[in-house]
Amino acid sequence: MINGGIPLKGTVEISGAKNSAVAILPAALLADTPSTIDNLPEISDIELLSKMIEYLGGKTIKKEHEIIIDPKGINSFCPPHELASQMRASYYLIGALLSRFNEAAIAMPGGCNIGVRPIDQHIKGFEALGAKTTIEHGIIKVKADKLVGNHIYFDVVSVGATINLMLAACKAEGTTILENCAKEPHVVDVANFLNAMGANIKGAGTDMIKIVGVDKLHGCKHTVIPDQIEAGTYMVAAAATHGDVTIKGIIPKHLESIIAKMSEMGVIIEEYDEDLRVTTAGRLKRVDIKTQPYPGFPTDMQQLMAVLLALADGVSMITENVYEGRFKYLDELKKMGVNAKVEGRTAVIEGVEKITGAPLKATDLRAGAAMIIAGLAANGVTEVKNIYHIDRGYEAIEKKLQKLGADIKRVK
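Residues numbered from 1 in each chain as written. Predicted model: local features only at pLDDT ≥ 70, side-chain atom pairs only at ≥ 80, totals over all residues. Heavy atoms only, no water.

**Student:** Honestly, empty space enclosed by the protein in this entry has me stumped. Any pointers?
**Tutor:** In this approach the atoms are scanned with a rolling probe the size of a water molecule, which exposes any empty space left behind. Across all of its chains, the model carries two cavities of 30 Å³ or more by this definition. If you add up the space inside the largest cavity, you get close to 70 Å³. Forming the walls of the largest cavity are 13 residues, and the residues nearest its centre are A17, N19, H186, D227 and Q228. Of all the secondary structure elements, the ones that give two or more residues to the lining of the largest cavity are helix 1 (18-27), helix 7 (185-196) and helix 8 (228-240). A total of three residues in the lining of the largest cavity trace back to one element, the largest contributor, which is helix 1. For the lining of the largest cavity, the residue count by class is five nonpolar, five polar and three charged. Here the lining of the largest cavity spans two domains, since at least three of its residues come from each of domain 1 (2-15 + 226-404) and domain 2 (18-223). In this structure, the second largest cavity spans a volume of roughly 30 Å³. What lines the second largest cavity is simply P226, D227, Q228, A231, I250, I251, H254 and L255. Its residues assigned to classes, the lining of the second largest cavity comprises five nonpolar, two polar and one charged. (1 Å grid on protein atoms, 1.4 Å probe; cavity = no way out; pocket = protein on both sides within 12 Å on 5 of 7 lines; lining within 4 Å. Points joined across faces, edges and corners; volume = space filled by probe spheres on them. Helix = DSSP H or I, 4+ residues; strand = E, 2+ residues; numbered from the N terminus. Nonpolar A, V, L, I, M, F, W, Y, C, P; charged D, E, K, R; others polar. Domains from an automatic or database assignment.)

Shown next, in the form of C-alpha cells:
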C-alpha cells in the first residue's frame, strides 16, 4: 500500500546484482572445494537456488548477504521440478551440472512472463560442445560422453547463453571460442568468479570470449558487483517524485546509458566515485528510448522509465528490441491516468501533469517495481498486488523506500 505524492529524500545503499548472483551460485558447483560469495542480495531467487543446491547434495551456509557453498556432496544432476520451474535463471544449473557430470536434466525455466525467451542458443552451444539435447514432458535433458571445445557463434546476443556456455566450456577438453557474446557487467562478474576458481577465460565484456578448458576448479571468495538495475530503479524513483536521493555503492560506468537518457530528460545527476545524487528542477522533457543489449539501454529499465515518460512534457516513444511481450504492464498503469498505446514493439506515451492512485497487479518483476514508483509519484493511495514478483529481484524494497521518506507498507 502506497500513499503517494511525497518527494523521496536521503541515501539508499544498493545491493549485490541479482543477475550476477543467480549465475554465480550455480557456477560454484564446478569447484572441488567450498566457495564464499558475499554482497549477495537477500531475494527470493537466491533462496530458491540455495534449496536446489541442497537438494542436489551440496551444502550451503547462509549468513546475511553471504553464502558458503560446499559442492563436494553433489550427487544428482536433476534439480526438483517444482523449484526449477519457478525461476528463469535455473537454466544455469544445466551448464554447471553438464560440466560436472556430463549430464543434466531440468524443468523448462519459469520466471517473468515478458514474451518469448527461447533457450535455443543455449542448446545450440551445448550440442556444439558434444552434448545431445532432448525435451520430454517439460524437462530438458542434456548428455555428453565428454565435452570438447568448439567455435560457437550466437545468432542473437544472449546473456543467458553466453554465461551458460562459459560454465559448460570451462572444463571441456581444448579451447572454446564464443562469438557475438553478451557484454553485460554480470557476464564479466561470472567470468571473474570462474577465473578466481582456476578457469582460463579471456575476453568477457567483449563480443568474443576464449575459454581454454582446465581439469579442475577450486573454491574461492568472491564479492558480487552492485546491481545496476536496482540503482536505476532508485534513480527513477527519485526523479519521478522530484526528490533528492544519493544512491550509494554503485559502479557509475555500468549506468552510463541510464544516466545519459535521464539527463536528456532534464534530471540532474551528480556523479561521484561510487555514488550518484539525483535531483530535478521543474517538469521533465520527453525522450525516445530504444532498448538494446549492453552497453545500450537495458530492457530491464524500460518499464521503470515508462513511468517517468508518463509524467514528462510531450510524447515519448519506447521501442523494445529485446523482449516483445514487455508492454503488458501499461494496461495496469492506464488505471492511474497514464496515456499510452502500444503498436507492435513500440509504446507511445503522452505525458500527463499528474497520475492518481489505483489498485494494480504486478505482471512481472520490473513492472512491479515500475508500479511502486508510479504509486510513489501519484496522488492518493495505490495498492500493488502479486508482489512475489518484486521480491524475486529487490531486497527489502519497502524498507529502503521508507528510509527515503515514502509512505509505503507491506500488508498481508
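**Student:** Explanation requested: the domain arrangement of the protein in the structure shown.
**Tutor:** It is common to report an interface's size as the accessible area lost on association of the parts. Partitioning the protein into domains gives domain 1 (2-15 + 226-404) and domain 2 (18-223). Placing the centre of domain 1 and that of domain 2 at their C-alpha centroids yields a distance of 30 Å. Taken together, the contact between domain 1 and domain 2 spans 22 residues of the former and 22 residues of the latter. A buried area of about 1,900 Å², summed over both sides, lies between domain 1 and domain 2, and 52% of it is on carbon and sulfur atoms. Viewed at the interface, domain 2 and domain 1 are joined by one salt bridge. Across the salt bridge formed by D45 and R392, the nearest N and O atoms sit 3.1 Å from each other. Along the contact surface separating domain 1 from domain 2 lie seven residue pairs in polar contact (both at pLDDT 80 or more). Residue assignment for the side of domain 1 that touches domain 2 shows that the elements contributing at least two residues are helix 12 (365-377) and helix 13 (388-391). Here the residues of the side of domain 1 that touches domain 2 are counted per class, giving seven nonpolar, five polar and ten charged. (Contact = heavy atoms within 4.5 Å. Buried area = accessible area lost by both parts, 1.4 Å probe. Salt bridge = Lys/Arg side-chain N within 4 Å of Asp/Glu carboxyl O. Polar contact = N/O pair within 3.5 Å; in protein donor to acceptor, adjacent residues only side chain to side chain.)

**Student:** Could you clarify how one ought to interpret helix 5 (residues 120-128) in this entry?
**Tutor:** Residue pairs three or four apart in sequence face the same way in an α-helix, which turns once every 3.6 residues. Residues of helix 5 that are buried include every one of Q121, H122, I123, G125 and F126, and no others. Backbone geometry just after helix 5 places G130 at a positive phi near 110 degrees. (Buried < 20%, exposed > 50% of the residue type's maximum accessible area, 1.4 Å probe, protein only.)

**Student:** Hey, could you run me through the sheet that holds strand 16 (residues 275-279) in this one?
**Tutor:** Strands pair in a sheet through their backbones, by hydrogen bonds, and they do so in one of two ways: parallel or antiparallel. Taken together, four strands build an open sheet; the order of strands is 2-14-16-15 and the sheet is mixed. Pairing within the sheet leaves two strands with one partner each, and these edge strands are strand 2 (9-13) and strand 15 (268-271). Across the sheet, the mean angle separating the axes of adjacent strands is 15 degrees when strand polarity is ignored. Where strand 2 and strand 14 (residues 244-248) come together, five bridges link them in parallel fashion. (Pairing = 2+ DSSP bridges. Axes fitted to C-alpha atoms, helices over the stretch in contact; angles between N-to-C directions.)

**Student:** Where do I start with the sheet that holds strand 1 (residues 2-3) in this structure?
**Tutor:** A sheet is described by the order of its strands in space; here four strands give the open sequence 21-22-1-23, paired in mixed fashion. In this open sheet, the two edge strands, each paired with only one partner strand, are strand 21 (359-361) and strand 23 (407-408). Here strand 21 pairs with strand 22 (residues 381-385) via three bridges, running parallel. In the strand pairing of strand 22, L360 is matched with V384.

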